[in-house]
Amino acid sequence: PEPERIPGDLNGDGTVNSMDANVLKRILAGVVTPDDATVKAGDLNGDGEFNAVDSNALSRMISGIE
């Protein structure tokens, strides 16, 4: 089984950075369909969806606000 990702690590590289934000933008645009691990790592507010709330939370994580 795939190891569990940290919250915000959408690309699975073990860190949360701008590359994860790019993945989330592509998911929100419908360009990428997330797998289960990506869904779990990227649904930062736990509502079962990817949306602007998750994008804002990820941006705050990347900038060190959260």
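Each chain has its residues counted from 1, running along the sequence as written. Per-residue local features are limited, in this predicted model, to residues with pLDDT of at least 70; the limit for side-chain atom pairs, both in listing and counting, is 80 or more; totals at the level of whole chains, interfaces and linings are taken over all residues. Note that the side-chain values use all heavy atoms of the structure and ignore hydrogens as well as water.

Moving on to the overall build of the protein chain. Numbering goes from the N terminus for both helices and strands, where a helix is a DSSP run of H or I of at least four residues and a strand is a run of E of at least two. A count of helical and extended segments in the protein chain gives 3 helices and 0 strands. The globule rule used for comparison is 2.2 Å times the number of residues to the exponent 0.38, while the radius of gyration itself is calculated over C-alpha atoms. Computed over the C-alpha atoms, the radius of gyration of the protein chain is 11 Å, within 12% of the 11 Å expected from 2.2 N^0.38 for a compact globule of 66 residues. Based on the C-alpha atoms only, the size of the protein chain along its principal axes is roughly 30 × 25 × 20 Å. Scored against the burial criterion, the 66 residues of the protein chain give a buried share of 26%. The contact rule is simple, with two residues in contact once any of their heavy atoms fall within 4.5 Å. A separation of at least 24 residues holds for 45% of the contacts in the protein chain among residues at least 6 apart in sequence. The protein chains shown are the only cover counted for residues, whose accessible areas, like all others here, come from Shrake-Rupley with a 1.4 Å probe. Approximately 4200 Å² of the protein chain is accessible, and the part contributed by carbon and sulfur atoms is 53%. The classification of residues rests on relative accessible area computed with a 1.4 Å probe and restricted to protein chains. Under 20% of the type maximum is buried, over 50% is exposed, and intermediate values are partly exposed.

Turning next to the packing of helix α1 (residues 18-28) against helix α3 (residues 52-63). Orientation is described by axes fitted as lines to C-alpha atoms, over the contacting stretch for helices, and by angles from 0 to 180 degrees between their N-to-C directions. Contact geometry of α1 with α3 gives a least axis separation of 10 Å together with a crossing angle of 170°. Taken together, α1 and α3 sit at an angle that is classed as roughly antiparallel. Where α1 approaches α3, its residues S18, D20, A21, L24 and L28 are matched on the opposing element by D54, S55, L58 and I62. Should an angle fall under 35 degrees it is taken as roughly parallel, and over 145 as roughly antiparallel, whereas 65 to 115 is taken as roughly perpendicular and any remaining angle as oblique.

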